[in-house]
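Fold and contact review
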Amino acid sequence: MKKGDKIKLYRKKSKVFIAANLNRKSVPACAERLILLLKEYKVSVFMDISAKENFSESGVDFVSTDDGFALADIIFVIGGDGTILRAAKTALRYDKPILGINAGRLGFLSDIEADDLSAVKMLFSDGGTIEKRSVLDVIAGDKTVCAINDVYVTYNEPGKTAELFVECGGREVCRYRADGILLATPDGSTGYSMSAGGPIIDTTLNTIVMTPVCPHSLISRSIVFSSDKIIHVGSSFNGGEEKMDVIIDGEIAFCIKKDEVVTAGISEKCVKFINISGRGFYEVLNQKIIGRR
């Protein structure tokens, strides 16, 4: 994560897009409060066309999500970590900063809570800080996908162990019999990677964490790679598995055959999260994970 760039909103000039998971019970009311607050400053507010039924009389302009991201100076995302993650993928394409508002359970990627919207006023006075988070470029054949949290290579038949190899810089790192191999960014280190026994990585670092998931071994551990390393994962032993799933941020992105390899490295792109709360990584870690025992 690189930190230091400032961002502000300006009365009567700025444009914002609100991406909200309206299927969550508390989100529509939160979005309504946010719209009212923003309208006090006479900024242009956009939402996806699908939200028109809920907010047709709120002074919002309705556009496609892609148009909204392209137009906006800042993207407000209301929901849980899944909602923020999906919005971050679109924000990555348009190089736009996002501010996460937690209306879910954990909310590790969010900066403020749904009941603390008054903090948004900071964007019109002192402004917020942009934190740039690393993402992975994941390549298989002619396909390239960005992973914000992680990429997971696994056998596509549940309950069966995969036989996998990991290489870095043309050298073999290790071979595993495991459910799969997980490569995570520092942001992703507090997600599935942590659940699989991987270390928590400070988001100010620029690293890749490799963790075997449910390895058939007593001594297999995570390995942390520096930002300049390119990692290759593929099927090994006994001629290899027929097909492997490549899962990006919890969703199947594509399949690879036994003679194909997945390549992952730190991307030149980055996700931009806005911080107005002033909380640092360790405060969030304590409040959201350590403190929730």
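Right above here is the structure, for reference.
My aim in this report is to walk through the structure given alongside it, one point at a time. (Residues numbered from 1 in each chain as written. Predicted model: local features only at pLDDT ≥ 70, side-chain atom pairs only at ≥ 80, totals over all residues. Heavy atoms only, no water.)

Things to note about the overall build of the chain
Each helix and strand counted, the chain has six helices and 19 strands in total. In terms of overall size, the chain behaves like a compact globule, its C-alpha atoms giving a radius of gyration of 20 Å where 293 residues would be expected to give roughly 19 Å. Seen through its principal axes, the chain has C-alpha atoms that stretch 65 × 35 × 35 Å. Per-residue burial over the chain gives 52% buried out of 293 residues. Looking at the chain alone, contacts between residues at least 24 apart form 70% of all its contacts between residues at least 6 apart. As displayed, the chain has an accessible area near 13900 Å², and 48% of this comes from carbon and sulfur atoms. (Helix = DSSP H or I, 4+ residues; strand = E, 2+ residues; numbered from the N terminus. Rg over C-alpha atoms; globule rule 2.2 N^0.38 Å. Buried < 20%, exposed > 50% of the residue type's maximum accessible area, 1.4 Å probe, protein only. Contact = heavy atoms within 4.5 Å. Areas by Shrake-Rupley, 256 points an atom, 1.4 Å probe, with all protein chains shown as cover.)

With respect to the pattern of salt bridges
Following the criterion strictly, the structure yields nine salt bridges and no others. Taking the shortest distance from any N to any O, the salt bridge between K272 and D95 comes out at 3.1 Å. On the criterion of sequence distance, the pair formed by K272 in strand β19 (residues 261-275) and D95 in the loop between α4 (81-94) and β6 (98-102) is long-range, its members being 177 residues apart. The exposure class assigned to D95 is partly exposed, which follows from its relative accessible area of 45%. Residue E172 is joined to R175 by a salt bridge in which the shortest nitrogen-to-oxygen separation is 2.8 Å. Three or more residues joined by partner-sharing salt bridges are found here, namely E131, R133 and D187. (Salt bridge = Lys/Arg side-chain N within 4 Å of Asp/Glu carboxyl O.)

Quick word on the environment of I49
Position of I49 among the secondary structure elements: in the loop between β3 (44-48) and α2 (52-55). Through-space distance from the C-alpha of I49 to that of S64 is 5.9 Å; in sequence the pair is 15 residues apart. Setting aside chain neighbours within four positions, we find I49 in contact with F62, V63 and S64.

A look at the pairing of strand β5 (residues 74-79)
Among the six residues of β5, six are classified as buried, and the element is accordingly described as predominantly covered. Side chains of β5 alternate between two faces, with I74, F76 and I78 and I75, V77 and G79 buried alike. Across five bridges, strand β2 (residues 15-20) lies against β5 in parallel orientation. Paired with A19 across the two strands is V77, which belongs to β5. (Pairing = 2+ DSSP bridges.)

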